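Coordinate inspection notes
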Amino acid sequence: MGSHSHPLPVPTTAAGREGLDAILQRPGEAVVALDFDGTLADIVPDPDQARAHPGAVPALSRLAPRLGSVAVITGRPAALAVEYGGFAEAADLDHLVVLGHYGAERWDAADREVTAPPPHPGVAAAQAGIPDVLAAVGAARGATVEEKGRAVAVHTRRAADPQGAFEALREPVRRLAERHGLIVEPGRLVLELRPPGVDKGVALTEHVRETGASAVLYAGDDLGDLAAFAAVERLRAQGVPGVLVCSGSSEVTELAQRADLVVDGPGGVVALLTALAAAVDA
């Protein structure tokens, strides 16, 4: 299966193989869902410099018309993920949707519009309090703040001791979030403050139900993707076959331990999508 240059990898679990077979048998009823940072785009020190892997759009353009839907599920604002992914100007992506802010925002390639409810008021309040938190934690020197509209993130990748700063900030950031009715989602040297009740698992489950998908594949790389992994596992229990793919990294091991298939970062994800498109064609 796949192409000669990109053979389709075989999942290591029976459930994963069943999910992949179901996608190949009825691709028009399948959903392929993907995280953005770390999955379609390499992790970089400055989040504003993240861009999709050069092969991502060609692979998605080839695969998307053959599937029921392709969804990018990200904590970023939908419009920003569209810009950094280069999705707006790409051909053959009518079946692509971008679910930003963990599903609170939606961009649809068919009409190129973003729809979203009003933002949670606690986000702005927490964002205003973050400078005081950083100033009070000596180890946080060098940490940066990413304003995300419906969420706000503290990155420690640029700190002198990135992991030490991350651990030192965990509790004060949690307390700040709690005061403003938010939760904290830890990731790869990042603490994101966002409203409760929205996560990638909820977004994925709603999209699968909305599309009536008969099979699903989800690929992610970080702790925030565990909710989507759990959603696929629940869907399997309900009779919807699924494949769990980890875009491997040395920084996060939890996903790899639960995945049916581990690939080598965004380049490996692109190779998987390319091979899946070739296998569907075949």
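As a starting point, this report considers the structure included with it. (Residues numbered from 1 in each chain as written. Predicted model: local features only at pLDDT ≥ 70, side-chain atom pairs only at ≥ 80, totals over all residues. Heavy atoms only, no water.)

**Let's talk about the overall build of the chain**
Spelled out, the test is: Helix and strand definitions here come from DSSP, where helices need a minimum of 4 consecutive H or I residues and strands a minimum of 2 consecutive E residues; each element is numbered from the N-terminal end. In this setup the radius of gyration rests on C-alpha atoms only. A globule is expected at 2.2 Å times the number of residues raised to 0.38. Any two residues whose heavy atoms approach within 4.5 Å are treated as being in contact.
Along its length, the chain carries 9 helices and 12 strands. For the chain, whose C-alpha radius of gyration is 18 Å, the value lies close to the compact-globule estimate of 19 Å for 282 residues. In terms of principal-axis extent, the alpha carbons of the chain reach across some 60 × 35 × 35 Å. When contacts within the chain are restricted to residue pairs at least 6 apart in sequence, those whose partners lie at least 24 apart make up 67%.

**Remarks on the layout of surface pockets**
Note the following rule: Whether a set of points on the 1 Å grid over the protein atoms alone is a cavity depends on a 1.4 Å probe fitting there but being unable to get out, while an open set qualifies as a pocket with protein on both sides within 12 Å along at least five of seven lines; lining residues are those with an atom within 4 Å of a point. Grid points are joined across faces, edges and corners, and a volume is the space filled by probe spheres set on the points.
In this structure, the largest pocket encloses a volume near 170 Å³. Taken together, Gln163, Phe166, Arg170, Gly187, Arg188, Leu189, Leu223, Glu251, Val252 and Glu254 make up the full set of residues lining the largest pocket. Looking at which element gives the most residues to the lining of the largest pocket, the answer is helix H5 (residues 162-179), with 3 residues.

**Some thoughts on the sheet that holds strand S6 (residues 144-147)**
Cut-off, in case you're wondering: A strand pair is defined by DSSP finding two or more bridges across the two strands. Every axis corresponds to a line fitted to the C-alpha atoms, with the helix fit spanning only the stretch in contact, and the corresponding angles, defined between N-to-C directions, vary from 0 to 180 degrees.
Across the sheet, 4 strands lie side by side as S6-S7-S9-S8; this open sheet has antiparallel pairing. Only two strands of the sheet have a single partner each, and these edge strands are S6 and strand S8 (183-186). Shown here is a sheet whose adjacent strand axes are inclined to one another by a mean of 20°, direction ignored. Note: S8 against strand S9 (residues 190-194), 4 bridges, orientation antiparallel. Counterpart to Pro186 in the pairing with S9 is Leu191. In this fold helix H4 (residues 121-136) packs onto S6, strand S7 (152-155) and S9, with an angle of close to 20° to the strand it touches most, S7. The strands that H5 touches are S7, S8 and S9; relative to S9, the one it contacts most, it runs at about 5°.

**Some thoughts on the nonpolar core**
For clarity, the threshold we go by: We define the nonpolar core as a collection of buried residues of types Ala, Val, Leu, Ile, Met, Phe, Trp, Tyr and Cys that are connected through side-chain atoms lying within 4.5 Å of one another. Partly exposed residues are those whose accessible area sits between 20% and 50% of the maximum for their type, while under 20% is buried and over 50% is exposed, using a 1.4 Å probe and protein chains only.
Leu34, Leu40, Phe87 and Leu273 are the most contacted members of the largest nonpolar core, which has 47 residues in total. The element that contributes the greatest number of residues to this core is helix H9 (residues 265-281), accounting for 9 residues. Among residues more than four places away in sequence, those in contact with Leu40 are Leu34, Asp35, Ala52, His53, Ala56, Leu60, Val72, Phe87, Pro266, Val269 and Leu273. Listed in part, the 23 residues of the second largest apolar core include Ala71, Ala213, Val232 and Val252.

**Looking at the sheet that holds strand S12 (residues 261-263)**
Sheet strands pair via backbone hydrogen bonds, and the direction of the pair is either parallel or antiparallel. If you trace the 8 strands from one edge of the open sheet to the other, you get S5-S4-S3-S2-S1-S10-S11-S12, paired in mixed fashion. Here the strands that pair on one side only, and so sit at the sheet edges, are strand S5 (113-115) and S12. Strand-to-strand twist across the sheet, computed as the mean angle between neighbouring axes with direction ignored, equals 20°. In terms of strand pairing, strand S4 (residues 105-108) meets S5 through 3 bridges, oriented antiparallel. Counted as the bridge partner of Trp107 is Val114 from S5.

**Some thoughts on the environment of Lys200**
Along the chain, Lys200 falls in helix H6 (residues 200-211). For Lys200, a relative accessible area of 6% corresponds to the buried category. Along the backbone, Lys200 and Gly75 are 125 residues apart, and their C-alpha atoms lie at a distance of 8.3 Å. Filtering out sequence-adjacent residues up to four positions away, Lys200 remains in contact with Asp35, Ile73, Thr74, Gly75, Tyr102, Tyr218, Gly224, Asp225, Ala227 and Ala228.

**Focus on empty space enclosed by the protein**
On inspection of all chains with the given rule, the structure shows 1 cavity of 30 Å³ or more. Only S7, S8 and S9 provide two or more residues apiece to the lining of the largest cavity.

All we've got here are geometric facts, nothing functional implied.
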